[in-house]
Amino acid sequence: MSGLERGRSRWGRRARMIAAAAAVTVVAPLAACGSGDGGGGTPTVNLYYGPEENLQKVVDDCNVKAAGRYRINYEVLPRPADDQRVQMVRRLAAQDPGMDILGLDVTWTHEFASAKWLREWTGERRAAAEKGTLPGPLETARYQGKLYAAPKNTNTQLLWYRTDLVEQPPKTWDEVIRTAQDLKAQGKPYQVITMGAQYEGLVVLYNTMTASAGGKILSDDGGEAVFDAGAVKALELLRRFATSGVTNPSFSNTLEDDARLQFESGDAAFQINWPFVYPALQKGAPELAKKVAWARYPAVDAGTPSRVTIGGYNLAVSAYSRHPQESFDAASCLRDAEHQKFSAINDGVPPTIESIYADPEMAKAYPMKDEILAELKDPALRPLTPAYQNLSTVMSATLSPASAITPERTAAQLRSAIQDALESKGVLP
């Protein structure tokens, strides 16, 4: 999610050009791809979702439970999130009736809803989607007080640390940096590994620091770029971390999987990353895995718990679906408690329904589930705005490299550039 900031007028012109081009070039070939009927007139509901290893088994189970009322067809989107979004935006701009259920990154719900591409969840369906769902993930599925998607899975980052190097996990960023510097002075593995490349991972790192410092990036209504004192404090911390001598030399180019591999090499004492690193560590470095434990994400200030940015995916129904009722029913099945638990255990995607965390079967797959749940109960959300894609692009470019941040000046740059970025919504960047 990297790129350069563009001016307000240029965004507006480009948005209109893209929408027009999409309508001309996409609508004709996609007209034949609409939701058809299966054998015997059974409606086909097309699910557009990113690659998830065992999702087809969930689809198959929901098809059995549908008992002929509909048949879900899983259309696998590209793995990169940007490519997923581009494909869906183009087809929705062309009012493609072949898209029924959409798997949306939590940052896309506002954008798609503002463009009137989604159907609202109402009545009993809304009540069922909200029942028992954690408030943070649920908030990412709302737009202007209405529910436009149902949370399927969520995610949050933890601090992973070497128990052979550190007796107790540090609780604050200052403690992490100081401990790593002490280990370095002793000639021991010391690096603090996390994502610092010019992409969404850097935005997530900064957003978490800002929320943990009590700061704001946008106003409550999402219409104004704020970057208050807490956001400036987070810029100071991000720069201090990047220049402290404890990061990996390739910090400014590190993505999620890069961070995992760097930690598995054995040169690091700490890693801040998503829970996918746990099963990967068992396979990639089993001896090291025996020495690794986890703790809550570091706080900015002692005595104030961190607030960690959450990820995940929501299920939405396209405004252009020919089978909206069947699509709502199918989406409800795909994200119900039974299937969220299955996906959590088999695909490593944390559930959005709180009660699942108490299920005994979760203990083996998620030994860190208590720490995950604690963070999910008081999370940080990425700024909720239809223009989030533009905002993220501007932020990642301005924050990179983190070592070059000058807090007050960088805050002023972000405040101005993001105010411009907020003018775009529901369009390709």
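Residues numbered from 1 in each chain as written. Predicted model: local features only at pLDDT ≥ 70, side-chain atom pairs only at ≥ 80, totals over all residues. Heavy atoms only, no water.

Looking along the chain, the bond that leaves Ser400 and enters Pro401 is cis, with omega of -5°. With respect to the helices, strands and loops of the structure, Pro401 is situated in the loop between α17 (388-399) and α18 (407-421). Within the chain, Phe227 stands out as a residue other than glycine whose phi angle is a positive 50°. Its location among the elements puts Phe227 in the loop between α8 (200-212) and α9 (229-242). (Helix = DSSP H or I, 4+ residues; strand = E, 2+ residues; numbered from the N terminus.)

Before going further, it helps to spend a moment on the confidence of the model for the chain. The share of residues in the chain with pLDDT of 70 or more is 89%, and the mean pLDDT across the chain is 90. Taken together, the stretch residues 425-429 has pLDDT below 50 and engages in 22 contacts with residues farther than four places along the chain or on a different chain. (pLDDT = per-residue confidence, 0-100. Contact = heavy atoms within 4.5 Å.)

Among the five residues in strand β3 (residues 101-105), five count as buried, and that is most of the element. Burial of β3 is two-sided: the residues Ile101, Gly103 and Asp105 facing one way and the residues Leu102 and Leu104 facing the other way are all buried. Pairing of strand β1 (residues 44-49) with β3 involves two bridges; the strand directions are parallel. Bridge pairing in β3 links Leu47 to Ile101. With five bridges connecting them, β3 and strand β11 (residues 311-317) associate as antiparallel partners. Within the sheet, the bridge partner assigned to Leu102 lies in β11 and is Ala316. (Buried < 20%, exposed > 50% of the residue type's maximum accessible area, 1.4 Å probe, protein only. Pairing = 2+ DSSP bridges.)

The subject of this paragraph is helix α7 (residues 173-185). Its 13 residues place the ends of α7 18 Å apart at the C-alpha level, agreeing with the 18 Å of an ideal helix rising 1.5 Å per residue. Elements that come into contact with the buried residues of α7 comprise β8 (191-193), α8, α9 and β9 (268-273). Directly after α7, the chain includes Gly187, whose backbone phi takes a positive value near 75°. (Expected span 1.5 Å × (residues − 1).)

Put simply, α8 and α17 touch, their axes get as near as 9 Å, and they point 85° apart. With respect to each other, α8 and α17 are oriented roughly perpendicular. Here Glu200, Leu202, Val203 and Tyr206 of α8 come into contact with α17, specifically with Tyr388, Ser392, Met395, Ser396 and Leu399. A class-by-class count of the residues in the contact of α8 with α17 yields six nonpolar, two polar and one charged. (Axes fitted to C-alpha atoms, helices over the stretch in contact; angles between N-to-C directions. Parallel < 35°, antiparallel > 145°, perpendicular 65-115°, else oblique. Nonpolar A, V, L, I, M, F, W, Y, C, P; charged D, E, K, R; others polar.)

Residue placement: Pro351 occurs in the loop between α14 (337-347) and α15 (362-365). Residues Pro351 and Ala337, spaced 14 residues apart in sequence, show a C-alpha to C-alpha distance of 8.2 Å. Beyond its immediate stretch of four places on either side in the chain, Pro351 contacts Leu134, Thr154, Gln340, Ala344, Ile356, Tyr357, Met362 and Leu376.

On to the packing of aromatic side chains, then. Scanning the entire structure with this criterion turns up twelve aromatic pairs. Where Tyr49 meets Tyr313, the ring centres are 5.5 Å apart and the plane angle is 50°; that geometry is what we call tilted. In this pair, Tyr49 sits in strand β1 while Tyr313 sits in strand β11, placing the two residues 264 residues apart along the sequence. Overall, the relative accessible area of 3% leaves Tyr49 in the buried class. (Phe/Tyr/Trp six-rings, centres within 6.5 Å; stacked < 30°, edge-to-face > 60°.)

With their axes 9 Å apart at the nearest point, α17 and α18 run at an angle of 155° to one another. With respect to their mutual orientation, α17 and α18 come out roughly antiparallel. Here α17 and α18 pass one another in a crossing that is right-handed. In this structure, α17 uses Asn390, Leu391, Val394, Met395, Thr398 and Leu399 to contact α18, whose residues at the interface are Thr410, Gln413, Leu414, Ala417, Ile418 and Ala421. Broken down by class, the residue content of the contact of α17 with α18 amounts to eight nonpolar, four polar and no charged. (Left-handed = near helix turned anticlockwise from the far one by under 90°.)

What follows is about the state of the cysteines. Inspection of every chain in the model, using the stated rule, returns one disulfide. One disulfide bridge connects Cys62 with Cys333, the sulfur atoms lying 2.1 Å from each other. Between Cys62 and Cys333 the sulfur-sulfur dihedral comes to about -100°; the bridge is accordingly left-handed. Remark: Cys333 occurs in helix α13 (residues 324-334) and Cys62 occurs in helix α2 (residues 55-66); sequence separation between them is 271 residues. (Disulfide = S-S within 2.5 Å.)

With that out of the way, let us pick up the side chain of Ser212. Note on placement: Ser212 falls in helix α8. Take Ser212: its relative accessible area is 4%, and that puts it in the buried class. Within the structure, the side chain of Ser212 is placed 3.0 Å from the backbone nitrogen of Arg307, a separation counted as a polar contact. Excluding its chain neighbours within four sequence positions, the residues that come into contact with Ser212 are Val300, Thr304, Ser306 and Arg307. (Polar contact = N/O pair within 3.5 Å; in protein donor to acceptor, adjacent residues only side chain to side chain.)

This brings us to the sheet that holds β8. Strand order across the open sheet formed by four strands is β8-β9-β7-β10, with mixed pairing between neighbours. Every other strand in the sheet has two partners, leaving β8 and β10 (292-295) as the edge strands with one partner each. Strand-to-strand, the axes of this sheet are offset by a mean angle of 20°, without reference to chain direction. With four bridges joining them, strand β7 (residues 158-162) and β10 adopt antiparallel strand pairing.

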